[in-house]
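Observations on the model geometry
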Amino acid sequence: MQGSSLPPGLCFLLCFFGAVTPKIKASCANCPPNASCVNNSHCTCNSGYVSGSGQKLFTFPLETCNDINECEPPYSVYCGLNAACHNVEGGFYCRCVPGYRLQSGEERFNNSSGNTCQDTNSSKTTQGRKELQKIVDTFESLLSNQTLWRTEGRQEISSTATTILWDVESKVLETALKAPEQKVQKIQNSSVAIETRVITDNCSEERQTFNLNVQMNSMDIHCNDVIQGDTQGPSAVAFISYSSLGNIINATFFEETDEKERVFLNSQVVSAAIGPKRNVSLSKSVTLTFQHMKTNHSIKKVFCVYWETTKQGGLWSRDGCFLIHVNKSHTMCNCSHLSSFAVLMALTSQEEDPVLTIITYVGLSLSLLCLLVAALTFLLCKAIQNTSTSLHLQLSICLFLAHLLFLVGIDQTESKVLCAIIAGALHYLYLAAFTWMLLEGLHLFLTARNLTVVNYSSINRLMKWIMFPVGYGVPAVIVAISAASRPHLYGTANRCWLHLDQGFIWGFLGPVCAIFSVNLVFFILVFWILKRKLSSLNSEVSTIQNTRMLAFKATAQLFILGCTWCLGFLQVGPAAQVMAYLFTIINSLQGFFIFLVYCLLSQQVQKQYQKWFREIVKSKSESEAYTLSSKMGPDSKPSEGDVFPGQVKRKY
């Protein structure tokens, strides 16, 4: 049925059965070939087979059970060193490769446990393994030399990697060709795995295509491409997998993608080489199968790439490599030449919720207006100016600047330098805002403690002495250390903010978590002090009222300055969307809440607002009177119907 449409009758039959399947009670007679009946109601495929639909239990009468190829990904049965997997109908078997045999003398076995394929010439095998072991040990020492990689620049790193790859391939092929009677050799350590295969008989007795497997990666190469038409001597093919080389020649060496796409290397780096002629062009493409290193990502694009030698050293390139198939665990590529290969992937960028975007911009705009009015109030209202007001003023200024920069600069990713500067400024301003929140919590605790211990003047002196160095100095030190250690992690492809790589975001989240925890302790102590104060029966009414107002402000302070960011950490699991909306709504209205609590609900500020309002009205009335008088002239007299501002027209 592949490649053609179904006949109408059969299509109707399939649709009909698909619709009524749940109502049919299956029996053993309904099960397809290579399947068994379960509980006289469902069918299941026998061991070694899988249903066409992928379901373990099924009732669909036209279901089929297909043979599982255990020798290919994603199963890839491991038969042990110097052994190969062979698929058969309904199963598989392992068999030693030519030149090796089991000690028991048997030709086939089912797994590598207790079965070791030994070379018929063990002395030469030992010598060959020693030489390969020396090669992999030398490479591991180079790879673990952190000084070598950290002190070199980008061009030097690519040049060094290119040289190492070529040297490893050459030495592996040379070792394999020294002992042509050892047709297959395998060896590995924590950094590299190698499989070599030698051909001595012009492919007459070998399969037309060879399959080489190392560390769950595989390569299929045609025999004629290995011998390259040379019938005079042995030829060899080497397949090498590097487990951690991708951390050095990573996705930053790939330039054939949009800057906004976050590309990362999601496979081990593998090399394929043939000898003694080091030709790289092939008559038939090789098929490479890579196992993914990470499988929990939403993938947007997949790139099959090879390491291309350039004048600058080397880069990842897609020329001659094509994607065949990809699933959650593996990627299959075709390449028309030999080199070092890998798989690069671009993550799917999260689509922005338009509702959240609108809430953010509207809420922050309202907060900016409220923070501006609040800052002017704290600055101009003489009646309320004290240490507490100074703390409110600095907090409002930091939040105002942070929110303003967020609105106008968070998406300015065109220039990397400008984006990095914006990200650093946002890092500093939000850290400064949180530091002033910490000082607010400290001052609130000391003020509450003053209800029981009369030392208010010393508290004011302490706060005035520490608040500016701490409020602006500590964030500056944190940002300076972050920028000096990893400046390239300021600014991402989509946002001018801190990168998530290498835990860099904890340069912001770490201090925020610490401040929130300390503030929580302060609030608990404040409530404990207030509870004791309210329990006193001899307290004056005015004192109780002030204490209750302090308790209300303490609750509001915790809600405004702590709870909002705590919700950001809870955006996981099924409630992530709800938490995202709560976080966005409350956090974007933070400036409005500050204005509400510290301005509108303050009696002193209310009186000052009323005073300013009366002065504005009075000034406006006097201005209108002066304007009217100017229009009438100095010699004119008001008519009988004229009424001046503030004058009431009476009837007698």
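Since the model is a prediction, treat every value here as computed from it, not as a measurement.

Some remarks on the overall build of the chain
In terms of helices and strands, the chain carries 14 helices and 22 strands. Expressed as a percentage of its 652 residues, the buried residues of the chain come to 41%. Contacts in the chain between residues at least 24 apart in sequence constitute 63% of all its contacts with a sequence separation of at least 6.

Some thoughts on the side chain of T435
Looking at where T435 falls in the secondary structure, it is placed in helix α8 (residues 416-449). The exposure class assigned to T435 is buried, which follows from its relative accessible area of 6%. Apart from residues lying up to four places away in sequence, T435 is in contact with V470, G471, P475 and I515.

Overview of the sheet that holds strand β8 (residues 108-109)
Read from one edge to the other, the open sheet built from three strands follows the order β5-β6-β8, with strand pairing classed as antiparallel. Either end of the sheet is taken by a strand with one partner, and the two such strands are β5 (83-88) and β8. Relative to strand β6 (residues 91-96), β5 runs antiparallel, the two sharing six bridges. Within β6, the position partnered with A84 by the bridge is R95.

Looking at the packing of aromatic side chains
Scanning all chains against the criterion turns up 13 aromatic pairs. Seen in terms of ring centroids, W436 and F468 are 5.7 Å apart; in terms of plane orientation they differ by 75°. Their pairing is edge-to-face. With W436 in helix α8 and F468 in helix α9 (residues 456-485), this residue pair connects regions lying 32 residues apart in the sequence. A residue is classified by how much of its surface remains accessible, and W436, at 0% relative accessible area, is buried. Ring geometry for F592 and F593: centres 5.7 Å apart, planes at 55°, overall tilted.

Calculation notes
- Residues numbered from 1 in each chain as written.
- Predicted model: local features only at pLDDT ≥ 70, side-chain atom pairs only at ≥ 80, totals over all residues.
- Heavy atoms only, no water.
- Helix = DSSP H or I, 4+ residues; strand = E, 2+ residues; numbered from the N terminus.
- Buried < 20%, exposed > 50% of the residue type's maximum accessible area, 1.4 Å probe, protein only.
- Contact = heavy atoms within 4.5 Å.
- Pairing = 2+ DSSP bridges.
- Phe/Tyr/Trp six-rings, centres within 6.5 Å; stacked < 30°, edge-to-face > 60°.

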